[in-house]
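Below, each chain spelled out in residue letters.
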Amino acid sequence: MRLRTALFALAVAAPLVAACGDDTPAPGTVAATHGVGDVVPFVLSRYEGGKETSTRLEVTVLGARRGTPDDLADFDMGSDADSTPYYVRVRFHNVDAAPLTGWTFPTPLGADLDSGADARQIVLTAPFPRCTTPRAATLAPGASVTGCAIYMAPRGRRLTKVVGHSDGTALQTWNLR
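About the cut-offs
- Residues numbered from 1 in each chain as written.
- Predicted model: local features only at pLDDT ≥ 70, side-chain atom pairs only at ≥ 80, totals over all residues.
- Heavy atoms only, no water.
- Helix = DSSP H or I, 4+ residues; strand = E, 2+ residues; numbered from the N terminus.
- Buried < 20%, exposed > 50% of the residue type's maximum accessible area, 1.4 Å probe, protein only.
- Contact = heavy atoms within 4.5 Å.
- Areas by Shrake-Rupley, 256 points an atom, 1.4 Å probe, with all protein chains shown as cover.
- Phe/Tyr/Trp six-rings, centres within 6.5 Å; stacked < 30°, edge-to-face > 60°.
- Core = buried A, V, L, I, M, F, W, Y, C linked by side-chain atoms within 4.5 Å.
- pLDDT = per-residue confidence, 0-100.
- Pairing = 2+ DSSP bridges.

Colleague: Help me out: how do you make sense of the overall build of the protein in this one?
Modeller: For the protein, the helix and strand inventory stands at 1 helix and 9 strands. Reading the secondary structure of the protein in the N-to-C direction produces α-β-β-β-β-β-β-β-β-β. Split into buried and exposed, the 177 residues of the protein put 36% on the buried side. Considering only intrachain contacts with a sequence separation of at least 6, the fraction spanning at least 24 residues in the protein is 69%. As displayed, the protein offers around 10,300 Å² of accessible surface, 54% of which is attributable to carbon and sulfur atoms.

This is the structure:
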């Protein structure tokens, strides 16, 4: 009886003790789900000059607009010629004391399709007024930049969320529905 009681106590106490440790989510764990327009604290971790560095940001997904394949008719889209472009507007605000350098908009964000697969991001090098992408590689402390990223959904699929790994681990998700 004592053994059974001890095992029961261990089974109940183990999750409680584990919860008292490090509360950093495991890589890929959804830390939080947000809606369009929500301002989300975000830590962008990256390697710069051979050492790990991080910058505190506020990221806001402002919206997504569905386009048509004809929008990109002037571009050689190859295998994406029948895909539907989605124009996702995002604002990054640097709340850190140091500048964000060596950065490419909209890193570290991506997007998911209704199938659960990753949407492919495309970057146009020619001007495209429907979706202007900032080219700046530095974001000064206190500065914000708003821009547009293009994600492609294969025929019959749609974009459902924007995702990003804050601090390299915690998955932040913005639902687009």
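Colleague: So what exactly am I meant to see when it comes to the packing of aromatic side chains here?
Modeller: Working definition: an aromatic ring pair is given by the centre-to-centre distance plus the angle between the planes. Throughout the structure, instances matching the rule amount to 5 aromatic pairs. Each ring, one from Tyr87 and one from Phe128, has its centre 5.9 Å from the other, and the planes form 45 degrees; the classification is tilted. You can see Tyr87 sitting in strand β4 (residues 84-94) and its partner Phe128 sitting in the loop between β6 (120-122) and β7 (144-153), a full 41 residues away along the chain. You'll find Tyr87 and Phe128 in the same group, each marked buried. Look at Trp103 and Phe105: their rings are 6.2 Å apart centre to centre, the planes differ by 80 degrees, and that puts the pair in the edge-to-face class.

Colleague: Explain the nonpolar core to me, please; I cannot follow it from the model alone.
Modeller: One recurring pattern in soluble globular proteins: nonpolar side chains tend to sit buried together. Among the nonpolar cores identified, the biggest contains 26 residues, and Phe92, Leu109 and Leu159 are the most heavily contacted of them. Apart from the residues within four sequence positions on either side, Leu109 is in contact with Phe42, Val59, Val90, Phe92, Tyr151, Val162, Val163, Gly164 and Trp174.

Colleague: Honestly, the confidence of the model for the protein in this entry has me stumped. Any pointers?
Modeller: Interpreting fine coordinate detail is not advised for predicted regions of low pLDDT. Averaged over every residue, the pLDDT of the protein is 83; the share at 70 or more is 82%. Note on residues 1-25: pLDDT is under 50 here. Beyond four places in sequence and across chains, it has 4 contacts.

Colleague: Before we go on, may I ask you to explain the pairing of β4 in this structure?
Modeller: Every other side chain in a regular strand lies on the same face of the sheet, so the side chains alternate between the two faces. Across the 11 residues that make up β4, a large majority, 8, are buried. Pairing between strand β3 (residues 51-66) and β4: 9 bridges, direction antiparallel. Within β4, the position partnered with Arg66 by the bridge is Tyr86. Two elements, β4 and β7, share 10 bridges in a ladder whose sense is antiparallel. When the bridges of β7 are listed, Tyr86 appears paired with Tyr151.

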